[in-house]
Amino acid sequence: MRAWAPGDPGGGVVLQHLRLSCGSPFSTCLEVMRFLLLYATQQGQAKAIAEEICEKAAAHGFSADLHCLSEREKYNLRTETAPLVIVVSTTGTGEPPDTARRFVKQIQDQTLPGDWFAHLRYGLLGLGDSEYTYFCNGGKIIDRRLQELGARRFYDTGHADDCVGLELVVEPWIDGLWAALRKQLVSSPGAEEMSDGLHVAAPPTSLGMDPGGAESPRLESRLQLLHLDEPRGEDLRISARNAANTGQAAALITDSGPSLTCSVPPLSQAALNIPTLSPEYLQVHLQESPSQEGSHMPVTSAGPVFQVPISKAIQMTRDDAVKTTLLLELDISETDFSYEPGDTFDVLCPNSSSEVQHLLRRLQLADQGGHRVFLALMADTKKKGAALPPHIPEGRSLRFLLTWCLEIRAIPKKVLLRALAEHASLGPERRRLQELSSRQGSADYNRFLRDAGAGLLDVLLAFPSCHPPLGLLLEHLPRLQPRAYSCASSSLCHPGKLHFLFNIVEFGGDAPAVAQRRGVCTGWLAALAEPLLQPDAPASRTDSRKAPAPQISISPRVTQPFQLPSDPSVPLVMVGPGTGLAPFIGFLQHREKLQEQHPDRHLGATWLFFGCRHKDRDYLFREELRRFQKLGVLTHLKVSFSRDAPEAQEGDTPPAKYVQDNLRRHGPQVARVLLQESGHLYLCGDAKNMAKDVNDALVEIISREAGIEHLEAMKTLAALREEKRYLQDVWS
Ligand code: FAD
C-alpha cells in the first residue's frame, strides 16, 4: 500500500495514515481513507453538496480530494485508483453544466476502448428537476458513458429532484455513502482487486436511486411518498428541551399555523439534525478610497462581452394581457457580434439598485456601499480547499459586487441558514433558523423559502436579530448568472440589428414575508425600455436633445445547435408557444430572404404550431406570420388559444387549447414529415410543462401513425434527437 500525498493528482494510492482530531467517532483509528470527489455545477448546488460531502468526510475517517470537473489538471481518471464520487447537475435541455462540457466531450470520444475506465469504481449523485423532460440527464449522460467505458459503481446512483426538494435524496444518499466507501476501500485497497461484488445498495428509503443504471421509469416522481427515517447521521442534534438549557430557545410558536418565522408542533418540539457548520474562510477589508467604476459590466464574464445600445422597444401584447411581452432591438452594427437564426445569447444584468440599497441598509453598511472590497483567506480557517471566489473581482466597490456579481435573490441554502443561526442574537430566531436548516424542517424550508422564493433580504428582514458578517455572505451568495435569450431575427433581414423577445417576469407577494418583485433581468430590461416605448421615445426623436440610447452588455453563448438544416428543401415543424416563437421568426425571415435571393429554389414545407392565451391580447407577430403565409414562406400555421371560449369546430373534434392538441390533430402530417420526409422538428419555450406535454404528444403520434408500441415510439423519438432532427431550446 503506497502513501498518498496531498496534491497527488493520480492517487495511485488510497490510504493515508494520519491521526484524526476534533472528536471524530473514528479518532481512535489511525487511517484516513482518500477518495476523489468531483462536481460539475451550474448554479452552485452541486458544488455546495460536494463541499458538504467533503466536510462530512473527515468525521467518517475519509479525506476527500475535491475538484470541479473542469479542473482537469488536478486529477487524472486514467490513473485514479481511489473511489470516485461525482455530483453533477443538469441544465438547459438536459445537458450537463457548462463546467462539465469538456469532460463529457472527451469521454464521449467513440474511439475510446470499452475498458478505458475498467479500473474505476464510482458513485454518482445527479441533480435535476422532474418537471423537465430530461430529468437528471447531466448525471445520466456521465453515468452511462462511465459504464460503457468499463467503470463500475460501488454505490447506487442517486437522482435528486429539485421539484420536491433535493434533500429528499441527497441526505440519505450521503448517509449511505460512507458505508459504501468503507466497504470499497477496506475490502479492496488496490484498483486491480476491485470487483462488482462490492457494490453497495443505497438506503432502502431512497426512491431516487438507480441501482441498475437502467431508467427507473418515473421512480423519481414518487418522491412525494418518501418517508424519511428517524434522524440519523452525525449532524449536530439539538433537542428543543436541550436548547433551553444551552441558552437557546424554542422558535416563536403560533396558533395560526407555521410561517417563515413561526413554528408549530411537532417541529417546534423536535430534536433537530442540522447541517455541520461550514467553517468561515473569507476576511473582508473595506477601503474607503472610491473605486474606479468606469465600466458597468461585470468583469468575470466567460466569453467576449459587447456593449450595445437598445435601438427600439415594442410592446407586443395588449395592456390587458396576463403577461407583458416586449421586443427589443439591439444595434450591433458597431461590434463584431454576429449570429445565426436559432442562436441564443446572454444578457449580463444587474440586481435592482433599490434592492441592493435595502440590503446594504439591513447589513448596516449603507455608508460603506462605495468602499472598495479586498478579500483574503483567514489564516486559521478550517475550510478545506478554501479559495477566493473567482466571481468576486478585487478592489470593486461593495455596491458593485452586490449589483453585478452576486445573485442576492438566490434562495438561501440550508448551510447558509445554519450559519445565519449562529449570528442571530435572539433565541427564538436562532431556533427557527436552525429548524429551517434541519432535516426535520424540510417541509417548512420548501414551503417558506423554496416555493415562496424568499431571498437573503427576505430572510434578514424576517429575522431582525440576525447580523451576519459580510464575509459570510460573500462566501455563500452564488455568482449572478447572465440570462439567456433567443435571437428573434435574421441578420439577412435586419443587418446590424438583433431582436429578442421576453415576458416581463413578475412573482411574489403571495407569501407575507416575500415582497412582490419583477425578474432580475426582465424587470431591469423593462425599466430600460420604458422611455423607448413612449410615443416620443428618444430613439425616434431627431432633434439635438436626443437622449443617448440605453446600453446593455451581451455575450454569445456556445450551446447545442438549434439551426436550420443546410438544405432548405428539408421540411420543418416548429413548435413555439408564447415567447418560444422567437427563434422561428428568425428562421422564417431567413427563409424569406433565401426565397428572394433564389426564386427558383424549392423550399420545404414549414409548419408552425403557435399558442397563446387570447387571440386579441397576446397573439405575437400576428401580422408578420400572415405575411409569411402570403409569401409562401410559412405553409401551415396552426394557432391555439388556451383561454378564449372555443370556436365552433368541424365534427366532433375537440378544440385545440394548447400546441400539443394541435399537433395531435395534425398527427398524420407531422409523422409524415418526421418519418417519411426526413424533416426536422424544433421545439422552443417553457421547459416545465409545455416541453413535456409536446414530447408526450409526439410519442403518441409516432406510436399511432407508425403502428408501434409506446416504448418503440419513445425510442424512435430519442433516435430523432440523436440525429439532431428533433431539437429543443427550452427554458423555465
Ligand atoms: P429571475 O429573477 O431569474 O426569475 C426567474 C424565475 O425564478 C421566475 O420566473 C420565478 O419563477 C422564479 N423566482 C425567482 N425569484 C422568485 C421569488 N422571489 N418568488 C417566486 N419565484 C421566484 N426567456 C424569454 O423570455 N425569451 C427567450 O427568448 C428566452 N430564451 C432562453 C434561452 C435559453 C437557452 C435559456 C436557458 C433561457 C431563455 N429564456 C428566455 C429565459 C431567460 O433566460 C430568463 O430566465 C427569464 O427571462 C427570466 O429572467 P429574470 O432574470 O427576469 O427572472
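Residues numbered from 1 in each chain as written. Predicted model: local features only at pLDDT ≥ 70, side-chain atom pairs only at ≥ 80, totals over all residues. Heavy atoms only, no water.

- You'll find the chain entered in an unreviewed UniProt entry as Methionine synthase reductase, with Erinaceus europaeus given as the organism.

### Regarding the overall build of the chain
- Tallying secondary structure elements over the chain gives 19 helices and 27 strands in all.
- Here the chain, with 732 residues, has 53% of them falling under the buried criterion.
- Considering only contacts within the chain whose residues lie at least 6 apart along the sequence, 77% involve residues at least 24 apart.
- Summed over its atoms, the accessible surface of the chain is roughly 32100 Å², and 51% of this surface lies on carbon and sulfur atoms. (Helix = DSSP H or I, 4+ residues; strand = E, 2+ residues; numbered from the N terminus. Buried < 20%, exposed > 50% of the residue type's maximum accessible area, 1.4 Å probe, protein only. Contact = heavy atoms within 4.5 Å. Areas by Shrake-Rupley, 256 points an atom, 1.4 Å probe, with all protein chains shown as cover.)

### Concerning the sheet that holds strand β23 (residues 572–575)
- Within the open sheet, the five strands sit side by side as β25-β24-β23-β26-β27. Their pairing is parallel. Edge strands, defined here as strands with exactly one partner in the open sheet, are β25 (636–641) and β27 (726–731). Here the strands of the sheet are splayed against their neighbours by 10 degrees on average, with no regard to which way each runs.
- Two elements, β23 and strand β26 (residues 680–686), share four bridges in a ladder whose sense is parallel. Note on β26: the bridge partner recorded for Leu-572 is His-680.
- Contacting β23, β26 and β27, helix α18 (residues 690–706) runs over the sheet at an angle of about 150 degrees to β26. (Pairing = 2+ DSSP bridges. Axes fitted to C-alpha atoms, helices over the stretch in contact; angles between N-to-C directions.)

### Some points on the sheet that holds strand β19 (residues 497–503)
- One open sheet accounts for six strands, arranged β18-β16-β22-β14-β15-β19; its pairing is antiparallel. Strands at the two margins of the open sheet, each flanked by one partner only, are β18 (483–486) and β19. In this sheet, adjacent strand axes meet at a mean angle of 40 degrees when their direction is disregarded.

### Considerations on the environment of Met-574
- Assignment of secondary structure puts Met-574 in strand β23.
- Here the alpha-carbon distance between Met-574 and Leu-608, two residues 34 residues apart in the chain, equals 4.7 Å.
- Leave out the neighbours within four places in its chain, and Met-574 touches Phe-584, Phe-587, Leu-588, Thr-606, Trp-607, Leu-608, Phe-609, Leu-634 and Tyr-682.

### Details of the site of the ligand
- Around the ligand there are 20 residues in total, and Gly-453, Ala-484, Tyr-485, Cys-521 and Thr-522 lie nearest to it.
- In this structure, Arg-483 approaches the ligand through a side-chain N or O atom, which is 2.8 Å from an oxygen atom.
- In this structure, an oxygen atom belonging to the ligand sits 2.7 Å away from a side-chain N or O atom of Thr-522.
- Protein chains shield 76% of the accessible area of the ligand, which is 970 Å² for the free molecule.
- Sorting the residues of the shell around the ligand by element identifies β18, β19, α13 (520–533) and β27 as the ones contributing at least two each.
- With four residues, β18 is the single largest residue contributor to the shell around the ligand.
- Partitioning the shell around the ligand into residue classes produces 10 nonpolar, six polar and four charged. (Near = heavy atom within 4 Å. Polar contact = N/O pair within 3.5 Å; in protein donor to acceptor, adjacent residues only side chain to side chain. Nonpolar A, V, L, I, M, F, W, Y, C, P; charged D, E, K, R; others polar.)

### Let's talk about the packing of aromatic side chains
- With the rule as written, the count across this model stands at 19 aromatic pairs.
- Both rings, one in Trp-607 and one in Phe-609, keep their centres 6.0 Å apart while their planes meet at 5 degrees; by these two values the pair is stacked.
- Here Phe-609 falls in the buried class, since its relative accessible area comes to 0%.
- For Arg-78, the ring lying beneath its charged end belongs to Trp-116, and the centroid distance is 3.6 Å.
- Its guanidinium or amino end placed over the ring of Phe-628, Arg-627 lies 5.3 Å from that ring's centre, counting from NZ or CZ. (Phe/Tyr/Trp six-rings, centres within 6.5 Å; stacked < 30°, edge-to-face > 60°. Lys NZ or Arg CZ within 6 Å of the ring centre and 35° of its normal.)

### Structural notes on the packing of helix α17 (residues 667–676) against α18
- In contact at an axis separation of 9 Å, α17 and α18 are set at 85 degrees when each is read in the N-to-C sense. With respect to their mutual orientation, α17 and α18 come out roughly perpendicular. The residues of α18 that touch α17, namely those facing Gly-667, Pro-668, Val-670, Ala-671 and Leu-675, are Leu-698, Ile-701, Ile-702, Arg-704, Glu-705 and Ala-706.
- Taken together, the residues of the contact of α17 with α18 break down into eight nonpolar, one polar and two charged. (Parallel < 35°, antiparallel > 145°, perpendicular 65-115°, else oblique.)

### Here we look at the environment of Glu-592
- Considering the arrangement of structural elements, one finds Glu-592 in helix α14 (residues 582–597).
- A relative accessible area of 9% places Glu-592 in the buried class.
- Taking the C-alpha atoms as reference points, Glu-592 and Leu-634, 42 residues apart in sequence, are found 9.1 Å from one another.
- Not counting residues up to four positions away in its chain, the partners in contact with Glu-592 are Cys-493, Arg-627, Phe-628, Leu-631 and Val-633.

### Considering the confidence of the model for the chain
- For the chain, mean pLDDT is 84; residues scoring 70 or higher make up 81% of the total.
- With pLDDT under 50 throughout, residues 241–247 is counted as low confidence; its partners more than four residues away or in other chains account for four contacts. (pLDDT = per-residue confidence, 0-100.)

### Notes on helix α6 (residues 353–362)
- Within α6, the full set of buried residues consists of Glu-355, Val-356, Leu-359, Leu-360 and Arg-362. Looking straight down α6, one finds its buried side chains confined to an arc of 165 degrees; they lie on one side. Exposed residues pointing more than 90 degrees away from the buried face of α6 are listed as Ser-353 and Ser-354.
- For α6, the elements touching its buried residues are α7 (398–405), α11 (456–462) and β21 (517–518). (Arc of directions from axis to C-beta.)

### Side note on α18
- Over its 17 residues, α18 runs 24 Å from end to end, which matches the ideal 24 Å to within 8%, given 1.5 Å per residue.
- Here α18 has its buried residues at Met-690, Ala-691, Val-694, Asn-695, Ala-697, Leu-698, Val-699, Ile-701, Ile-702 and Ser-703.
- On its buried face, α18 sits against β23, α16 (659–665), α17, β26, α19 (710–722) and β27.
- Positioned one or two residues after α18, Gly-707 has a phi angle of 65 degrees, which is positive. (Expected span 1.5 Å × (residues − 1).)

### Structural notes on the nonpolar core
- In terms of nonpolar packing, the biggest core is built from 73 residues, with Phe-345, Val-347, Leu-420, Phe-500, Ile-552 and Ile-554 touching the most fellow members.
- Element by element, the count of residues in this core is highest for α13, at eight residues.
- In this structure Val-347 touches Pro-482, Arg-483, Tyr-485, Phe-500, Cys-521, Trp-524, Leu-525, Ile-552, Ser-553 and Ile-554, once residues within four positions along its chain are discounted.
- Grouped together as the second largest cluster of nonpolar side chains are 30 residues, Cys-68, Leu-125, Ala-160 and Ala-180 included. (Core = buried A, V, L, I, M, F, W, Y, C linked by side-chain atoms within 4.5 Å.)

### Things to note about the pattern of salt bridges
- The full count for this structure, using the stated rule, is 39 salt bridges.
- Here Asp-98 and Arg-101 are joined by a salt bridge, their closest N and O atoms 3.2 Å apart.
- For Asp-98, a relative accessible area of 46% gives the class partly exposed.
- Across the pair Arg-450 and Asp-451 runs a salt bridge, and its minimum N-O distance is 3.7 Å.
- On the basis of relative accessible area, Asp-451 is assigned to the exposed category, the value being 56%.
- By sharing partners, the salt bridges in this structure join Glu-167, Glu-171, Asp-175, Lys-414 and Arg-439 into a single network. (Salt bridge = Lys/Arg side-chain N within 4 Å of Asp/Glu carboxyl O.)

### Concerning unusual backbone geometry
- For the bond running from Pro-265 to Pro-266, omega is 5 degrees, close enough to zero to count as cis.
- Tracing the backbone shows Pro-266 in the loop between β11 (262–263) and β12 (272–274).
- Phi is positive for Phe-621, which is not a glycine, with a value near 55 degrees.
- Of note, Phe-621 is situated in the loop between β24 (606–612) and α15 (622–631).

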